[in-house]
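Chain residues, written in single-letter form:
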Amino acid sequence: MGDGITGAKAASAPTLSKAISRVASGARLQSIDALRGFVMVVMLLDHLRETWFLHISVLDPIDAHTALPALYLARLAASLCAPVFVFLTGLSAFLYASKHSLAETRIFLIKRGLFLMALEVFLLSELYWGIASPTLWLQVIWCIGVCMIVLAAMISLPRRVLLAIGLVIICGHNLLDPIHLESGHPLFALWAMLHQRDVIALPFGLVAKTTYPVLPWIGVILTGYAIGPWFLSSVEAAKRQRRLMITGCGLLVAFVVIRLLNVYGDAPWFVVEGSPLRTAMSFFALTKYPPSLLFLLLTLGVGILLLAVFERMREGWLMSALAVFGGAPMFFYIFHLVVLRLLYHSAVAIYGHTQGNVFGISNYLWIFVWYAALIVPLYLPTAHFSRFKARRRDIRWLKYL
């Protein structure tokens, strides 16, 4: 009987080990989807501002002297979105590469990148604002597409080389800030897309606004790809979480130290006499277009810490709900922009232009009311599509959404 029990234990050990491995793998991948979903939900708050509060201009960096504190805090939270999403794009690319050949991964990245760039130009440019415009907004989706194509070109390099290149770009690109080219320069268009936020004149009266110059974001996607091995199923969850916590805390410490020195990485912060709040706002007022070193240290530091926290949380309704948004990010992105445009044009049709040449609301607190009201209506179709996407893996084009 003793041998039978021992034999049963021995037989069940591999099964138990596999079960634990599956649970750890699920938590590992769900944490990525949950973090992606979290920043998508936060992004909604900023896009609501761009729908109902467009008459109040938001400078880059935000002017700590004049900005509404509530708007400032919401904008600061929304700063997480682009860095985290580009970083997770690199991480997801590595996980894809771990299950596919180099050629398959490269083709996938190029095709996905071209799709995103075309989507930005032909569809999303018309959805960003409430009025028609002959402007192509080269924003975050365009930027991610370009970064994916650059990653495809560099993916055969050793991972440590990719990490080194990514860190050099992130830490050193602010040294290029003094370089400013005028529109007549032969390299103006290239430089505007790489590092100088500007307007490029195009044929037929069109213009392209390089809202997201791509050079710093290339550094972000490379670093996301480089930490990909941490998320392989062979890596213990505790070890991965420890690495994430150390990295996230290290980035935040670096942010505080460099910011206090006030000599590099962004525009200097200042003390507002008699207003600790405005002084703090100045300290965290960071440049996003293109993202400064300090902007990326802060946002990526917080994002990496959240990734560790979400993996530890594992199960629960909140994690599941966030993972739904993160499991179908492009569907949610397009769907929520369409909803916001329909709401905006409906308001214009009913009330007309209430703030100059746009419709707008006078009290920013209504943004939070709209935010709370739209979460569930936007969640339900996204959840339905996410389940459909998971169920119908045979429909290949669904993976692009």
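Everything that follows concerns the structure shown earlier in this document.
This section reports on the structure supplied with the text.

As for the packing of helix H3 (residues 81-97) against helix H4 (residues 102-122)
Right, on to step 1. Where H3 meets H4, the closest approach of the two axes is 9 Å, and the angle between their N-to-C directions is 145°. When you trace H3 past H4, the crossing you get is right-handed. Contact residues: Ala93, Tyr96 and Ala97 in H3; Glu104, Thr105, Phe108 and Leu109 in H4.
Right, on to step 2. A class-by-class count of the residues in the contact of H3 with H4 yields five nonpolar, one polar and one charged.

Considerations on the nonpolar core
Right, on to step 1. Within the largest apolar cluster, 107 residues are counted, with the highest numbers of intra-cluster contacts made by Trp217, Phe231 and Tyr333.
Right, on to step 2. With six residues, the next largest nonpolar core counts Ile62, Ala67, Tyr72 and Ala285 among its residues.

Quick notes on the sheet that holds strand E2 (residues 199-201)
Right, on to step 1. The strand order E1-E3-E2 describes an open sheet built from three strands, whose pairing is mixed. Of all strands in the sheet, those bounded by a partner on one side alone are strand E1 (135-137) and E2. Neighbour to neighbour, the strand axes of the sheet diverge by 25° on average, direction disregarded.
Right, on to step 2. With three bridges joining them, E2 and strand E3 (residues 207-209) adopt antiparallel strand pairing. Along E3, the bridge assignment pairs Val199 with Lys209.

Focus on the pattern of salt bridges
Right, on to step 1. This model, assessed by the stated rule, comprises six salt bridges.
Right, on to step 2. Close ionic contact of Arg49 with Asp46 constitutes a salt bridge, the shortest N to O distance being 3.0 Å. Here the residue Arg49 and the residue Asp46 both occupy positions in helix H1 (residues 2-52), the gap between them amounting to three residues, near one helical turn.
Right, on to step 3. The structure contains a network of salt bridges with shared partners spanning Asp46, Arg49, Glu50 and Arg75.

Calculation rules
- Residues numbered from 1 in each chain as written.
- Predicted model: local features only at pLDDT ≥ 70, side-chain atom pairs only at ≥ 80, totals over all residues.
- Heavy atoms only, no water.
- Axes fitted to C-alpha atoms, helices over the stretch in contact; angles between N-to-C directions.
- Helix = DSSP H or I, 4+ residues; strand = E, 2+ residues; numbered from the N terminus.
- Left-handed = near helix turned anticlockwise from the far one by under 90°.
- Contact = heavy atoms within 4.5 Å.
- Nonpolar A, V, L, I, M, F, W, Y, C, P; charged D, E, K, R; others polar.
- Core = buried A, V, L, I, M, F, W, Y, C linked by side-chain atoms within 4.5 Å.
- Buried < 20%, exposed > 50% of the residue type's maximum accessible area, 1.4 Å probe, protein only.
- Pairing = 2+ DSSP bridges.
- Salt bridge = Lys/Arg side-chain N within 4 Å of Asp/Glu carboxyl O.

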